[in-house]
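Letter by letter, the chains look like this.
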Number of protein chains: 2
Amino acid sequence: MPIALRPSQSLRLLQQFTLSEVRDDAPDLTLRQMAILLTIYLDPPPHTVRGLAARLGVSKPVITRALDTMGALKLVSRHRDQLDKRNVLIRRTVEGALYVERLGDAIIAKAMELPI
Amino acid sequence: MPIALRPSQSLRLLQQFTLSEVRDDAPDLTLRQMAILLTIYLDPPPHTVRGLAARLGVSKPVITRALDTMGALKLVSRHRDQLDKRNVLIRRTVEGALYVERLGDAIIAKAMELPI
DNA sequence: TTTGAATGAAACGGAACCGAAACAATTAGC
DNA sequence: GCTAATTGTTTCGGTTCCGTTTCATTCAAA
C-alpha cells in the first residue's frame, strides 16, 4: 500500500520538519546540500562530482562547493579514484550517517504526530 | 491511524522531495525561509516578525531579511498594523499560496511513489 | 508629559553561495 | 607520442545570508 498523504498533512509534515531543523543546533544545510547528502547516502556508490551534478541537474562547481562545506562538517569525504585519477570518489562518514539518520528520525516523529 | 513511515521511506521521501526542488526552476528557498513561509500559510494569523522569530527560535533580523527576500518574490506581503503601529503584519499572497500548494503536491507525489 | 519598553528595520563586517569562465591533471584516441 | 576529450577545481564579480549591534518609531506607565 503506497503512502497516501492529504495536502494538509503533507504541508504540516514539511512545516514541522523544517521547524525542527531550524530550531535544532545542528548546522542547517541548504536544500542543495541536503539533496547531495541524501543521494550519497541512499543511492548506491560510487559517487562522483560529475554523477551528482547530473543527478541534481546542477553544474559541477555547485557540487564541488557543497562538498567543501560538507567535508568541513565531516559529513562526507573525498578520495581520488586510483583507477582513473581524474575521478573523485565521494564517500560516507560516520558523522554523515548519524546526520542522515537524525533527519529520518525527525521525519518519522513528525509524521506520527500528524492529525488524522 | 497515524502516518507510519519506515526510516528508509522517510529518507527516500526527503531525498525525492529535495531533488525535485533543486531540479525545479522555481527559486530555492532556504530551510529557514521555507519554515517561515509554511508557518505563515499554515498557522492562524496574525503573523508578526516577533511572533515568527519566537516560533522559529531565531532572531528578529533573520525574519526581517527572509521577508525581504520572499517579499521580492511576492510570496508574502507586509502591512503596518493600524491598531499598534509598531507591529508589521505579514500576509499571504496568491503567488505564495500557489508556491505552498506546489510544495504539498510534490510531497504527495513522491510519497505515492515510495516502495512499500 | 516624560521616561522606559517594545517593535521592526538598518548598518556592519564576515562568510557562503551563485553562474560563468578559465584552469591543471589525467586519460583516450589516433 | 601527441592531440583531444574528460574530470574536478579554482577564479572572478556579484549576490545573499549570517550574527550582532545600533537605530527610528510607537506605545505604555508613571
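Now for a description of the structure that goes with this document.

About the cut-offs
Residues numbered from 1 in each chain as written. Chains lettered and ligands numbered in written order. Predicted model: local features only at pLDDT ≥ 70, side-chain atom pairs only at ≥ 80, totals over all residues. Heavy atoms only, no water. Least-squares fit on C-alpha atoms with pLDDT ≥ 70 in both. Contact = heavy atoms within 4.5 Å. Phe/Tyr/Trp six-rings, centres within 6.5 Å; stacked < 30°, edge-to-face > 60°. Lys NZ or Arg CZ within 6 Å of the ring centre and 35° of its normal. Buried area = accessible area lost by both parts, 1.4 Å probe. Salt bridge = Lys/Arg side-chain N within 4 Å of Asp/Glu carboxyl O. Helix = DSSP H or I, 4+ residues; strand = E, 2+ residues; numbered from the N terminus. Nonpolar A, V, L, I, M, F, W, Y, C, P; charged D, E, K, R; others polar. Near = heavy atom within 4 Å. Polar contact = N/O pair within 3.5 Å; in protein donor to acceptor, adjacent residues only side chain to side chain. Axes fitted to C-alpha atoms, helices over the stretch in contact; angles between N-to-C directions. Parallel < 35°, antiparallel > 145°, perpendicular 65-115°, else oblique. Core = buried A, V, L, I, M, F, W, Y, C linked by side-chain atoms within 4.5 Å. Buried < 20%, exposed > 50% of the residue type's maximum accessible area, 1.4 Å probe, protein only.

1. Here's the deal with the relation of the copies chain B and chain A
- Each copy superposes on the other: chain B lies on chain A with an RMSD of 0.0 Å after a rotation of 180° and an axial shift of 0.0 Å. What the superposition gives is, in effect, a two-fold axis relating one chain to the other. Identified as the residue of chain B closest to the rotation axis by C-alpha distance is Thr30(B), at 3.0 Å.
- Comparing interface residues between copies, 100% of those in chain B also lie at the interface in chain A; the contact surface is shared.

2. Some points on the packing of aromatic side chains
- This model, assessed by the stated rule, comprises 0 aromatic pairs over all chains.
- Lying over the aromatic face of Tyr99(A), Arg102(A) brings its terminal NZ or CZ to 4.8 Å of the ring centre.

3. Considerations on the interface of chain B and chain A
- Across the boundary between the two partners, chain B contributes 44 residues, which contact 44 residues of chain A.
- When the two sides are added together, the surface that chain B and chain A hide from each other amounts to roughly 4,100 Å², 72% of it contributed by carbon and sulfur.
- Summed over the shared surface of chain B and chain A, the number is 4 salt bridges.
- One salt bridge connects Arg12(A) with Asp43(B), and the closest N-O pair in it is separated by 3.0 Å.
- Those elements that place two or more of their residues in the side of chain B that touches chain A are α1 (7–23), α2 (31–42), α3 (49–56) and α5 (94–112) of chain B.
- No other element matches the 14 residues that α1(B) contributes to the side of chain B that touches chain A.
- Partitioning the side of chain B that touches chain A into residue classes produces 28 nonpolar, 8 polar and 8 charged.

4. Notes on the environment of Ala35(A)
- As for its placement among the helices and strands, Ala35(A) is situated in helix α2 (residues 31–42).
- Separated by 17 residues in the primary sequence, Ala35(A) and Thr18(A) place their C-alpha atoms 15 Å from one another.
- If we skip the residues at most four places from it in the chain, Ala35(A) touches Leu56(A), Thr18(B), Leu19(B) and Val22(B).

5. Examining the protein's contact with DNA strand D
- Around DNA strand D, the structure places 22 residues, and the nearest of them are Arg50(A), Lys60(A), Thr64(A), Gln33(B) and Thr69(B).
- Taking Lys60(A), its side chain carries an N or O atom lying 2.4 Å from a base nitrogen of DNA strand D.
- At a separation of 3.1 Å, a phosphate oxygen of DNA strand D approaches a polar side-chain atom of Arg32(B).
- Mapped onto the surface near DNA strand D, the elements with two or more residues apiece are α3 (49–56) and α4 (60–72) of chain A together with α2 and α4 (60–72) of chain B.

6. Points about the packing of α2(B) against α5(B)
Residues and elements named next belong to chain B.
- At a minimum axis separation of 11 Å, α2 and α5 run at an interaxial angle of 105°. In this view, α2 runs roughly perpendicular relative to α5, as classed from their interaxial angle. In contact with Met-34, Leu-37, Leu-38 and Tyr-41 of α2, α5 contributes Gly-96, Ala-97, Tyr-99, Val-100 and Leu-103.
- Taken together, the residues of the contact of α2 with α5 sort by class into 8 nonpolar, 1 polar and no charged.

7. Examining the nonpolar core
- If you look at the biggest cluster of nonpolar residues, it comprises 78 residues, and the most contacted ones within it are Ile36(A), Leu37(A), Ile36(B) and Leu37(B).
- When neighbours within four sequence positions are excluded, Leu37(A) is seen to be in contact with Leu29(A), Met70(A), Leu75(A), Val76(A), Tyr99(A) and Val100(A).

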